[in-house]
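# Summary of structural features
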Amino acid sequence: MDCLFCNIIAGEIPSKKLYEDEKILAFYDIAPIAPVHFLVIPKEHIQSVDEITPENSAILSYIFEKIGFLAEKAGIEGGYRVISNCGANAGQTVPHLHFHLLGNKEMNWNC
Ligand code: 5GP
Ligand code: ZN
């Protein structure tokens, strides 16, 4: 499958990894918009939030159970933002479900 993030999971495209296990990969964004900016992705290819079903939704709780640990591992202090862009209007550029973690920056609500 020609998916950028599936290729990163497969190791065909290098990435700076923060964490990996059998279900998820966390790696630093190539174009960070905060002092700490990494992505958390499921290893299973799911296009976006819009493609979450009763059959694949368990990965969401798994990811969110890990997020606090990952934020701490990345050295985030003082809180963080979790974002998932879904579809064209939201600016999703990679059609493989991912959660952006942004930290070590004071953020306002209009990004
Ligand atoms: P989206 O715009 O779909 O919400 O987020 C995709 C993110 O993936 C962007 O923030 C972009 O900088 C990041 N990205 C795109 N290509 C690569 C890559 O090859 N390596 C890494 N580490 N990040 C990438
Ligand atoms: Zn994929």
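Above this text is the structure in question.
Residues numbered from 1 in each chain as written. Chains lettered and ligands numbered in written order. Predicted model: local features only at pLDDT ≥ 70, side-chain atom pairs only at ≥ 80, totals over all residues. Heavy atoms only, no water.

### Quick notes on the environment of Cys6
Considering the arrangement of structural elements, one finds Cys6 in helix H1 (residues 4–9). Considering only alpha carbons, one finds Cys6 and Lys43, 37 residues apart in sequence, at a separation of 7.3 Å. The residues touching Cys6, leaving out its near neighbours within four places in the chain, are His45 and His96. (Helix = DSSP H or I, 4+ residues; strand = E, 2+ residues; numbered from the N terminus. Contact = heavy atoms within 4.5 Å.)

### Observations concerning the sheet that holds strand S4 (residues 80–83)
Sheet architecture is open: five strands sit in the order S1-S2-S3-S5-S4, paired in antiparallel fashion. Taken across any chain shown, the strands that pair with only one partner, and hence form the sheet edges, are strand S1 (17–20) and S4. When the angles between neighbouring strand axes are averaged without regard to direction, this sheet yields 15 degrees. As paired strands, S4 and strand S5 (residues 99–103) are joined by four bridges and run antiparallel to one another. By the bridge assignment, Arg81 is partnered in S5 with Leu102. Most of the contacts of helix H2 (residues 58–73) go to S1, to which it runs at about 135 degrees, and overall it touches S1, strand S2 (24–28), strand S3 (36–42), S4 and S5. (Pairing = 2+ DSSP bridges. Axes fitted to C-alpha atoms, helices over the stretch in contact; angles between N-to-C directions.)

### Let's talk about the coordination of the zinc ion (ligand 2)
Protein coordination of the zinc ion (ligand 2) is provided by Cys3 (SG), Cys6 (SG), His45 (ND1) and His96 (ND1), with donor distances spanning 2.0 to 2.3 Å. Here the zinc ion (ligand 2) binds four donor atoms, and the angle range of 103 to 117 degrees at the metal identifies the geometry as tetrahedral. Look at where the donors of the zinc ion (ligand 2) fall in the sequence and you get C-x2-C-x38-H-x50-H. Within this pair, whereas Cys3 is found in the segment before H1, its partner His45 is found in the loop between S3 and H2, the two being separated by 42 residues in sequence. (Donors = N, O, S within 2.8 Å, 3.2 Å for Na, K, Ca; no water. Tetrahedral: all angles 85-135°; square planar, octahedral: opposite > 155°, others 65-115°.)

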